[in-house]
Amino acid sequence: RPSILSNGDIDFAILIGSRIEGNTDLAYLGAVISPSQQLLAVSDQADEEIGNYQMELLDSKGQIIAESTGGSSNNGSRHIEVIGTLVVNQSEGVQKHAPGDGNDAGVDHIVAYAPLTSVPWGVVLEQREDAALALPNNLRRRVLIIAAVGLAIGITMAWVTSRMVVLPLSRLNERAKRIAQGDLTGSIEKEGQDEVRRLAESVETMRSRLETSQRELAEWSTELEKRVKQRTGQLEQRDKERDVLLNKVISAQEDERTRIARDL
């Protein structure tokens, strides 16, 4: 069970005692843990990677046990006004404040407090808001950049799709209207991809067959007209021959009447 002790040499320490299992109840193991002055020290590498921040180890009364600058004192924390309620209630939380002095005077800082579970102490972390929120801000910028790139890609794909699908369909629609109006001249260009290209091929097949049928109908019409003219000429010739024959018959009848009349 840990407990806190204080004497003239050690400001704060943790005393841990544990009974050793065995044949006697008088065997115990004890240890004293004293916070080092470098307990909360921040390395230069971490300072460069994470940004400048300060840490404090506080007791239950808000007194500083150790801090990241390497020192330790019994002075009260300068953040006690901000996190005093959290220290009293031994609950974790985050607050924001702007220091009134120092190099960061007027700049918003984030102060976080987290109580320890084994002892009535707590850890305070203070950092500039811009440094503390650097990760989400960078993430937001990256998301915006990705969104912009995605929008550009989407617009490009829409333009490409328009060129590959919409325009061929529009031209195909115009040709279909011309075919419906009877204009079968000129082949349909097989452009586009997949379904659009197959549709263009089908329409071109239909146009070609209609053109062939129209040409055959024209040829048949010409042949029929020629045969009609030929048949009409034959009929006219027969009519002429019939008229000649009829005139001969009539002339023979008149001659015969004349002969009979002369005989009488």
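Note that the structure is predicted; figures quoted are calculated from it, not measured.

### A few points about the overall build of the protein
Within the protein, the secondary structure is distributed over 5 helices and 8 strands. Start at the N end of the protein and walk to the C end: the helices and strands fall as β-β-β-α-β-β-α-β-β-β-α-α-α. By the burial criterion, 19% of the 264 residues in the protein qualify as buried. Pairs at least 24 apart in sequence give 36% of the contacts found in the protein among residues at least 6 apart. Total accessible area on the protein stands at roughly 19,300 Å², and carbon and sulfur atoms take up 54% of it.

### Remarks on the side chain of His 109
Along the chain, His 109 turns up in strand S7 (residues 109-115). Polar side-chain contacts of His 109 include one of 3.1 Å to the side chain of Glu 126.

### Comments concerning the pattern of salt bridges
Inspection of every chain in the model, using the stated rule, returns 10 salt bridges. A salt bridge links Glu 211 to Arg 207, with the nearest nitrogen and oxygen atoms 2.8 Å apart. On the criterion of helical spacing, the pair formed by Glu 211 and Arg 207 is a turn pair, its members being 4 residues apart in helix H5 (residues 195-263). Judged by relative accessible area, which is 27%, Glu 211 ranks as partly exposed. Look at the salt bridges and you will find they share partners, linking Glu 204, Arg 207 and Glu 211 into a network.

### Some details on the layout of surface pockets
Taken as a whole, the second largest pocket encloses approximately 160 Å³ of empty space. With 5 residues, the single largest contributor to the lining of the second largest pocket is helix H4 (residues 134-180). Taken together, the residues that form the lining of the second largest pocket break down as 4 nonpolar, 1 polar and 5 charged.

### A word on the nonpolar core
If you look at the biggest cluster of nonpolar residues, it comprises 8 residues: Leu 58, Ile 64, Ile 83, Leu 86, Val 87, Val 111, Tyr 113 and Val 124. Breaking this core down by element, the ones donating at least two residues are helix H2 (80-89) and S7. For this core, the element with the highest residue contribution is H2, accounting for 3 residues. When near neighbours in sequence (up to four residues on either side) are disregarded, Val 111 contacts His 79, Ile 83, Gly 93, Val 94, Gln 95, His 97, Val 124, Leu 125 and Glu 126. Counting residues in hydrophobic clusters, the runner-up holds 6 residues, among them Leu 172, Ile 188, Ala 200 and Val 203.

### So, the packing of H4 against H5
One way to put it is that H4 packs onto H5 with a least axis distance of 11 Å and a crossing angle of 15°. Viewed along their axes, H4 and H5 adopt a mutual orientation that is roughly parallel. In this structure, H4 meets H5 at a crossing whose hand is left-handed. Here Val 165, Pro 168, Leu 169, Leu 172, Arg 175 and Ile 179 of H4 lie close against H5, whose contacting residues are Val 196, Leu 199, Ala 200, Val 203, Met 206, Arg 207 and Leu 210. When its residues are assigned to classes, the contact of H4 with H5 shows 11 nonpolar, no polar and 2 charged.

### Some details on the sheet that holds strand S4 (residues 53-58)
Strands sit in the order S5-S4-S8-S7-S6 across an open sheet of 5 strands; the sheet is antiparallel. Looking at strand neighbours, the two that pair on one side only are strand S5 (64-67) and strand S6 (93-97), the edges of this open sheet. On average, adjacent strands in this sheet sit at an angle of 20° to one another, irrespective of strand direction. Sheet topology note: the S6/S7 ladder contains 5 bridges and is antiparallel. Residue pairing for S7: Gln 95 is matched across the bridge by Val 111.

### Things to note about unusual backbone geometry
At Gln 90, a position not held by glycine, the phi torsion is positive, near 50°. Looking at the element boundaries, Gln 90 is found in the loop between H2 and S6. For Gln 90, a relative accessible area of 28% translates into the label partly exposed.

### Remarks on H2
Of all the positions in H2, only Ile 83, Gly 84, Leu 86 and Val 87 are classed as buried. For H2, the secondary structure elements touched by its buried residues are S4, S6, S7 and strand S8 (122-128). A positive phi of about 50° marks Gln 90, the residue just after H2.

### Considering a nonpolar patch on the surface
Among the surface-exposed residues, Trp 159, Val 160, Met 164, Val 165, Val 166, Leu 169 and Leu 199 lie close enough to one another that they form a single nonpolar patch of about 560 Å² accessible area. The element contributing the most residues to the nonpolar patch is H4, with 6 residues. Structurally, Met 164 can be placed in helix H4.

Cut-offs applied
Residues numbered from 1 in each chain as written. Predicted model: local features only at pLDDT ≥ 70, side-chain atom pairs only at ≥ 80, totals over all residues. Heavy atoms only, no water. Helix = DSSP H or I, 4+ residues; strand = E, 2+ residues; numbered from the N terminus. Buried < 20%, exposed > 50% of the residue type's maximum accessible area, 1.4 Å probe, protein only. Contact = heavy atoms within 4.5 Å. Areas by Shrake-Rupley, 256 points an atom, 1.4 Å probe, with all protein chains shown as cover. Polar contact = N/O pair within 3.5 Å; in protein donor to acceptor, adjacent residues only side chain to side chain. Salt bridge = Lys/Arg side-chain N within 4 Å of Asp/Glu carboxyl O. 1 Å grid on protein atoms, 1.4 Å probe; cavity = no way out; pocket = protein on both sides within 12 Å on 5 of 7 lines; lining within 4 Å. Points joined across faces, edges and corners; volume = space filled by probe spheres on them. Nonpolar A, V, L, I, M, F, W, Y, C, P; charged D, E, K, R; others polar. Core = buried A, V, L, I, M, F, W, Y, C linked by side-chain atoms within 4.5 Å. Axes fitted to C-alpha atoms, helices over the stretch in contact; angles between N-to-C directions. Parallel < 35°, antiparallel > 145°, perpendicular 65-115°, else oblique. Left-handed = near helix turned anticlockwise from the far one by under 90°. Pairing = 2+ DSSP bridges. Patch = residues over 30% accessible without salt bridge, like charges linked within 9 Å, V, L, I, M, F, W, Y side chains within 5 Å.

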